[in-house]
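Here's the letter readout for the chains.
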Amino acid sequence: DTAVSQTPKYLVTQMGNDKSIKCEQNLGHDTMYWYKQDSKKFLKIMFSYNNKELIINETVPNRFSPKSPDKAHLNLHINSLELGDSAVYFCASSYGDREKNIQYFGAGTRLSVL
Amino acid sequence: KNQVEQSPQSLIILEGKNCTLQCNYTVSPFSNLRWYKQDTGRGPVSLTIMTFSENTKSNGRYTATLDADTKQSSLHITASQLSDSASYICVVSAKGSNYQLIWGAGTKLIIKP
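Predicted model only: the values in this text are computed from it and were never measured. (Residues numbered from 1 in each chain as written. Chains lettered and ligands numbered in written order. Predicted model: local features only at pLDDT ≥ 70, side-chain atom pairs only at ≥ 80, totals over all residues. Heavy atoms only, no water.)

## Points about the pairing of strand β3 (residues 19-25) of chain B
Residues and elements named next belong to chain B. As a reminder, the rule being used: Buried means the residue's accessible area, taken with a 1.4 Å probe over protein chains only, is under 20% of the maximum for its type, while exposed means over 50%, and partly exposed covers the values in between. Numbering of helices and strands runs from the N terminus, with a helix taken as a DSSP run of H or I at least four residues long and a strand as a DSSP run of E at least two residues long. Here, any two strands with at least 2 DSSP bridges between them count as paired.
Side chains Cys19, Leu21, Cys23 and Tyr25 of β3 all project onto a buried face; the interleaved residues Thr20, Gln22 and Asn24 project onto a face where none is buried. Of the pairings in the sheet, the one linking strand β1 (residues 4-7) to β3 comprises four bridges and is antiparallel in character. Bridge assignment links Val4 to a residue of β3, and that residue is Tyr25. Pairing of β3 with strand β8 (residues 72-77) involves six bridges; the strand directions are antiparallel.

Structure representation (structure tokens):
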């Protein structure tokens, strides 16, 4: 199946732990994103990579570090997890014209920090 | 401040009925406006995208309108089906800043049989 896939789907962990979320797309897209969807359901952009180069880096704590080993992968590593990090994290990808490109989303990773 | 507001917050209608969802935005400079559908437990899926010069766009039973002067958009769903139950999110792209997307909180639509 062609898609944006992220793992794991659910992640439950203790405060202070370090965790990673992986994302892969097989759509041949050149841009990938990480979004956070909070309890109020707003999606907020965190990071965006184009051809492995960081192009958007919103004001997120530096405990969050994206890594793009190649165009098809964008992983998110989170250090020293806090209660406020609990949210759904979505990976997305797009191709071409940055103004009108359509973003394709993964199914999300629901992170619960206890 | 760039913002997107949607109404109503939630809506329940009977299967087969029509409905209209509203979106107001204060994003400047405006590039385009999109509507996404997000099923429970899934990522958003694009329905329509409209630029400044487009005032209506359809995708099957979904019809989006845009009034760039009043900065308002609507999404009309015709002959609703149970599978239309989802959150519908209005998203506005601002020129500059890498055309970042400003997301509304969505309208949660429930279709009852």
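## Some thoughts on the pairing of strand β8 (residues 73-78) of chain A
All names here are of chain A. Covered by surrounding structure in β8 are Leu74, Leu76 and Ile78 only, the residues His73, Asn75 and His77 on the alternate face being uncovered. Looking at chain direction, strand β3 (residues 19-25) and β8 are connected through four bridges and run antiparallel. Note that in β8 the partner of Ile21 across the bridge is Leu76. Bridging between strand β7 (residues 64-70) and β8 involves five bridges; their strand directions are antiparallel. Looking at the pairing, Ser65 lines up with His77 of β8. The turn linking β7 back onto β8 is made up of two residues.

## As for unusual backbone geometry
Put simply, Thr7 of chain A and Pro8 of chain A share a cis peptide bond, and its omega is -5°. Tracing the backbone through its elements, the reader meets Pro8 of chain A in the loop between β1 (4-7) and β2 (10-13). Its identity as a non-glycine residue notwithstanding, Lys52 of chain A has a phi of 70°, on the positive side. In this fold, Lys52 of chain A is placed in the loop between β5 (43-50) and β6 (53-57). Judged by its relative accessible area of 46%, Lys52 of chain A falls in the partly exposed class. One non-glycine residue with positive phi stands out, namely Lys71 of chain B, at about 60°. With respect to the helices and strands, the residue Lys71 of chain B is situated in the loop between β7 (62-67) and β8.

Purely spatial values, then, with no claim about function.
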